[in-house]
Each structure stands twice: as structure tokens, then as C-alpha cells.
Amino acid sequence: NYYAVLTAVAARNANNQAIAAATGIPERSLHYYIQQLSGLGYVARRFPLAGKKPNPRQVRYVITDPLLCFWFRFVFPNLSFFQQMGPQRALRERIRPEFDAYFGLCFERLCRHALPVIYEREGVSAAFEVGEYWDKEIQIDIVGLRDDHWTDLGECKWGTITSYRKLLEEFERKVRTYPNTRGATIGKRLFFKKKPGAKVQDTSDVSWYG
């Protein structure tokens, strides 16, 4: 059951209902296994970051260790395929097709780790908390909640961008939807695998990183 939960979480089944459906473990019994895995540091709880008390129903679970996440995402579910077909075919047929989606999540995590470094370079002295935000309508990859009445919202894009205009429009919609209950000043930051050219970055109130 523990392996089943870890495999489900690694495959982006993030809440109790999704994990229960993926594992076949009843939701009423799931709490025990997640509690044990959390105590060991294998699984972490995440809540939407919006400067208010989190709703327990919005909890998401993630595997924080990159090696453990990779193992339960790609290796453990395909052990029989590895043994029967060999590592090269397993890489080609079972792992490589999922790489972009997996690296997209890794990139989001990397960008969240990068935000404190950006703050240090910008001379930000206020205390802060970094996370993400989600609800039924939107997903915001990065939220930087600062004590100086400032909130940074960020979008991470690992893949190819077909239209920067549409990307900005969608990002602006997310920014407007974000529950800014503190009435803080909103900073907008976009993160890319490869930073676009200067012509694309001609947006005064958005910071671009790549």
C-alpha cells in the first residue's frame, strides 16, 4: 500500500480522492498511510498560498525528493518491462514520451527555489513565503507572499511557446482571478526554459526570466 500511494502521488494524483481511485485504498484508510509517509519525509502536504488560513479540503500531496519522485514515476511501475524488454526499449517507449511533462514539473519546482535568489539580488529584506496557488478555476505556478505588502505571481513554461500574446492574456486572467485578500501590490514574473527576445519582452509590468 505504501508503494501504491507513492506511485500514485508520483503520477500526479495529488489529492485524497485521486490517490484513493488510483490505489484502490478507501479514502477513510488512506490517511494512515499518508501520515506515515509524511512522518518519514517522503510525502509533503501543500496548500494554496493566498495569505489566509488554508482549507484542509484543498490539500495536495507531493514527493519532495527528486530521486524518489523519478523512481516511483518511471522505474518502479515499469520494473517488469525493464526486465523483459531491456533498459533501452523501456527508456524509448515508457519513459521518454513522459519526459516533457515530468521536466515541466521539475522546472516549476526549480523556479520556486529560484525566487528567493531573485529576492536576494533585488535587495528584498522583507520576510516571505514561497508556494503556489490553485482552485477550481486557475493554477498559479509560483506565489511569493512578502511581508512588505507585496505578492509575486509567476508562470513557468518549459515547452515551446506558440503565442506569447495568448500566454500573457492567460497569465493576466490568472492574476485578476487570484484572491488578493491582503490588497497587496502584485508583481508578475514569467519563467521560461529559454528567455525570449527583447521584442517579446516589451511588457513594462512583467519580469521575464530564462
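Description of the structure in this document. No experiment lies behind these values; they were computed from the predicted model shown. (Residues numbered from 1 in each chain as written. Predicted model: local features only at pLDDT ≥ 70, side-chain atom pairs only at ≥ 80, totals over all residues. Heavy atoms only, no water.)

Regarding the overall build of the protein
- Per the secondary structure count, the protein includes eight helices and seven strands.
- When the backbone C-alpha atoms are referred to their principal axes, the protein occupies close to 55 × 40 × 30 Å.
- The 210 residues of the protein split such that 37% are buried.
- As presented, the protein carries roughly 12,500 Å² of accessible surface, and 50% of it is formed by carbon and sulfur atoms.
- Computed over 31 positive and 22 negative side-chain charges, the separation of the two mean positions in the protein equals 5 Å. (Helix = DSSP H or I, 4+ residues; strand = E, 2+ residues; numbered from the N terminus. Buried < 20%, exposed > 50% of the residue type's maximum accessible area, 1.4 Å probe, protein only. Areas by Shrake-Rupley, 256 points an atom, 1.4 Å probe, with all protein chains shown as cover. Lys, Arg positive; Asp, Glu negative; His and termini not counted. Charge placed at Lys NZ, Arg CZ, Asp CG, Glu CD.)

Thoughts on the side chain of Arg112
- Locating Arg112 in the fold gives a position in helix α7 (residues 99-122).
- Arg112 sits in the buried class, given a relative accessible area of 16%.
- Setting aside residues no more than four positions away along its own chain, Arg112 makes contact with Val130, Gly131, Glu132, Asp141 and Ile142. (Contact = heavy atoms within 4.5 Å.)

Description of the nonpolar core
- Val5, Ile19, Leu30 and Tyr61 are the most contacted members of the largest nonpolar core, which totals 22 residues.
- Counting residues per element, the ones that place at least two in this core are α1 (2-10), α2 (16-23), α3 (27-39), β2 (60-63), α4 (66-75) and α7.
- Per-element tally for this core: the top contributor is α1, with five residues.
- Counting 17 residues, the second-largest nonpolar core is a separate cluster that includes Ile138, Leu167, Phe171 and Leu190. (Core = buried A, V, L, I, M, F, W, Y, C linked by side-chain atoms within 4.5 Å.)

Topic: the packing of aromatic side chains
- Scanning the model with the defined rule gives 19 aromatic pairs in all.
- Here Phe72 and Phe76 contribute two aromatic rings whose centre-to-centre distance is 5.5 Å and whose plane-to-plane angle is 55°, an arrangement assigned as tilted.
- Classification of Phe72 by relative accessible area gives buried; the value is 4%.
- Measuring from centroid to centroid gives 5.1 Å for Phe99 and Phe103, while their planes differ by 50°, and the two rings are tilted. Of the two residues, Phe99 and Phe103 are both situated in helix α7; the distance of four residues between them amounts to about one turn of the helix.
- Grouped by ring-pair contacts, the aromatic residues Phe70, Phe74, Phe99, Tyr102, Phe103, Phe107 and Trp158 constitute a single cluster.
- Seen from the ring of Trp134, Arg60 lies directly overhead, with NZ or CZ sitting 4.1 Å from the centre. (Phe/Tyr/Trp six-rings, centres within 6.5 Å; stacked < 30°, edge-to-face > 60°. Lys NZ or Arg CZ within 6 Å of the ring centre and 35° of its normal.)

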